[in-house]
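# Coordinate inspection notes
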Protein chains: 2
Amino acid sequence: MPTMNTQVLFRAAPAGMPTQDCFDIVETPLPRPDDGQFLVENLYLSLDPYMRMLMGGGWMFRGGGLTPGQIMVGRTIGRVTKTQNENFAEGDLIVGGLGWQTHAVSDGGNIDFRITPRDNVPLSAYLGACGNSGTTAWFGLKLIGAPKPGETVLVSAAAGSVGSVVGQLAKVWGCRAIGIAGGDEKCAVVTGEFGFDACCNYKADDLAGQIAAVAPNGVDVYFDNVGGEMLDGILPLLNNYARVPVCGVLSQYNADGDWQGVRNTRLIFDKRLRLQGFLQSDFADRGDVARAELANLVGSGKLRVRETVAEGLANAPSAFIDMLNGANMGKQLVKLR
Amino acid sequence: MPTMNTQVLFRAAPAGMPTQDCFDIVETPLPRPDDGQFLVENLYLSLDPYMRMLMGGGWMFRGGGLTPGQIMVGRTIGRVTKTQNENFAEGDLIVGGLGWQTHAVSDGGNIDFRITPRDNVPLSAYLGACGNSGTTAWFGLKLIGAPKPGETVLVSAAAGSVGSVVGQLAKVWGCRAIGIAGGDEKCAVVTGEFGFDACCNYKADDLAGQIAAVAPNGVDVYFDNVGGEMLDGILPLLNNYARVPVCGVLSQYNADGDWQGVRNTRLIFDKRLRLQGFLQSDFADRGDVARAELANLVGSGKLRVRETVAEGLANAPSAFIDMLNGANMGKQLVKLR
């Protein structure tokens, strides 16, 4: 039985890309659950781009930033090991916002959902395709993108945890799926493993021309994870009445006030486009429905899961930085146990 | 009984702002209705910014531009004077896309709706607050803006035919209404005559600061008629989950490829905004419902109508150019008869 808890704390805001200096790794005594609380041993930690925003040194959600010394915010899969809360039993598997640490106490308020293990669905998938990455893809594509069978769905960051699910859901729902990813290796995974109809390499020349060549009928849904210049270049490729779920602005997280303008915004009027920003939490009340479909698809092999897994909490900062640099394929996780 | 029809033809695309040279005024023999057709005498012609787009020399709807020699596209109020169509009787008053001319034959296909005259609603209002300008405001505000009582609605081009209705509907529907207009004289009409809570002058300094001062709780709906830099400056003033019906890009109609970028598009994600472009025709199937409410409001004095009326078709080109320069107050019409 461990007696210590390992934690990663936020030390200081980066200028641009984060570095190891932005983090402190500390050991503290294992917390004990009070009345109504329970102790969780974390098994996997999810690393996600939104964490960069919370670190400041540029842009952050209004009022939602980290303060120095605070534990890094993050979602984990954990197992309840001690409990004084009647709703959570020893051995329960949960997903929640328990932070970058090996153990945590909770009163249940920061628990997202309970995992019911099932055949053919790996536990780690509940942080990815069957967890918030999957529901982010499902919510944005279904509720904002609203694709009709036969339409063309384009998604940026297509090799990532959200993008890879978007394209696969588009196929399941009868659409043509086109990805955008960085490099030939990622593009090969997007088409070969995730089964997209095509993938365009934004690191090669003429991205717009590449997309136009594989989307001869134009684009009906652009699931935008990137923003900035890429969005600007894609707006002219959209069909009238196209929908743009805006899921993130990867291109801008490290920009320090020097944001890329989008020149083609007038096409919002010309083409009667709908652009809508969203967070997974905006639709959390529909999480059960989305997770059920996603777990069915993973279990039946129709939704492929790809993960990049770092080993041990001490490697979380470097894995996080690698992910922001685009080194990961699919969901970036840290295995804690 | 007249024997000739006066028409304004499109001669050539302007470079930037149109000039008189872009138009030809011609006389042709009065057309005669064939079987299934009827002859209309036009009483009023509506002049609208979208016509600039159809003239090319910059941006235009895909495939919808005018060709030289073609009659200028436009909507009129007319009276049926001869008929060989059983659905349209002599004396019927109609609104339709009959063009810049004193007379027209129609088979009914380009007729928008039939006017049922009523007390306290001037005939010309059916091209404005009770016609497509009004339904444009109603559709965009209600179906895209979806304002809740107590919310703050901001509208640009607030002294114009659409903007003036947007703010007045916002008030009727229980919202705070803030306008943006060019100059103190227009702002005085927006608050004094149209009853907005406040109006900001974009020709004076610090438009964003002016808006922030009169919208202490932020902006929930921005009804955008302008686009470009004004939209860019307003995005930071929007509340989370704000809606932006994009009804036009007045700032860009004369821009020849040199479009203004919008730097703050990343706020679409940050604030979970919804931006949606639309045309009146996208919601035409709900026109009857909207027109009924608008006519009731005009008839009962709750919706004020303001018009700028030029006399005679020969003055249509100059009135159109004046309107593009912002000289009109409210709906710009030409009285033909």
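Residues numbered from 1 in each chain as written. Chains lettered and ligands numbered in written order. Predicted model: local features only at pLDDT ≥ 70, side-chain atom pairs only at ≥ 80, totals over all residues. Heavy atoms only, no water.

## Structural notes on the packing of helix α2 (residues 132-145) of chain A against helix α3 (residues 161-172) of chain A
Residue and element names in this part refer to chain A. Put simply, the rule reads: For helices, the fitted line uses only the C-alpha atoms of the stretch in contact; every axis is such a line through C-alpha atoms, and the angle between N-to-C directions lies from 0 to 180 degrees. Here a strand is any run of E in DSSP of at least two residues, a helix any run of H or I of at least four, and the numbering for each starts at the N terminus. The cut-offs work like this: below 35 degrees is roughly parallel, past 145 is roughly antiparallel, 65 to 115 is roughly perpendicular, and the gaps in between are oblique. Handedness of each helix crossing follows the sense of rotation of the near helix against the far helix: counterclockwise by less than a right angle gives left-handed, clockwise gives right-handed. Residue contacts follow a heavy-atom distance rule, with two residues in contact if any of their heavy atoms lie within 4.5 Å. Residues are sorted three ways: Asp, Glu, Lys and Arg are charged, Ala, Val, Leu, Ile, Met, Phe, Trp, Tyr, Cys and Pro are nonpolar, and all the rest, Gly among them, are polar.
Running from amino to carboxyl end, α2 crosses α3 at an angle of 50 degrees, the nearest separation of the two axes being 8 Å. The angle between α2 and α3 falls in the class oblique. When the axes of α2 and α3 are compared, the crossing they make is right-handed. Across the interface between the two elements, Ser133, Gly134, Thr136, Ala137, Trp138 and Leu141 from α2 touch Ser161, Val162, Val165, Val166, Leu169 and Ala170 from α3. A per-class count over the contact of α2 with α3 returns eight nonpolar, four polar and no charged.

## Section: the pattern of salt bridges
Put simply, the test is: Any Lys or Arg side-chain nitrogen located within 4 Å of an Asp or Glu carboxyl oxygen qualifies as a salt bridge. Any residue under 20% of the maximum accessible area for its type is buried, any over 50% is exposed, and the rest in between are partly exposed; the area is computed with a 1.4 Å probe on protein chains only.
Per the stated rule, a full pass over the model turns up 24 salt bridges over all chains. For Arg75(B), the salt bridge identified is with Asp112(B), shortest N-O distance 2.4 Å. In this pair, Arg75(B) is assigned in strand β4 (residues 75-83) and Asp112(B) in strand β7 (residues 111-114), connecting sequence segments 37 residues apart. Residue Glu193(B) is joined to Arg306(B) by a salt bridge in which the shortest nitrogen-to-oxygen separation is 2.6 Å. Placement of the pair is Glu193(B) in the loop between α4 (184-192) and β10 (198-201) and Arg306(B) in the loop between α8 (287-299) and β14 (307-311), with a sequence separation of 113 residues. Judged by its relative accessible area of 21%, Glu193(B) is partly exposed. In this structure Arg306(B) comes out as partly exposed when scored by relative accessible area, which is 27%. Here the salt bridges do not stand alone but share partners, grouping Glu41(A), Arg79(A) and Arg337(A) into one network.

## Some remarks on the confidence of the model for chain A
This is how the line gets drawn: pLDDT expresses, on a scale from 0 to 100, how confident the predictor is about each individual residue.
When pLDDT is averaged across chain A, the result is 93; 96% of the residues are at 70 or more. Scoring of the predicted complex yields 0.88 for pTM and 0.85 for ipTM.

## Some words on the environment of Asp322(A)
Residue and element names in this part refer to chain A. Structurally, the position occupied by Asp322 is in helix α9 (residues 316-324). Given a relative accessible area of 40%, Asp322 falls into the partly exposed group. Residues Asp322 and Gly299, 23 residues apart in the sequence, show an inter-C-alpha distance of 30 Å. In contact with Asp322, not counting residues within four places along its chain, are Ala327 and Asn328.

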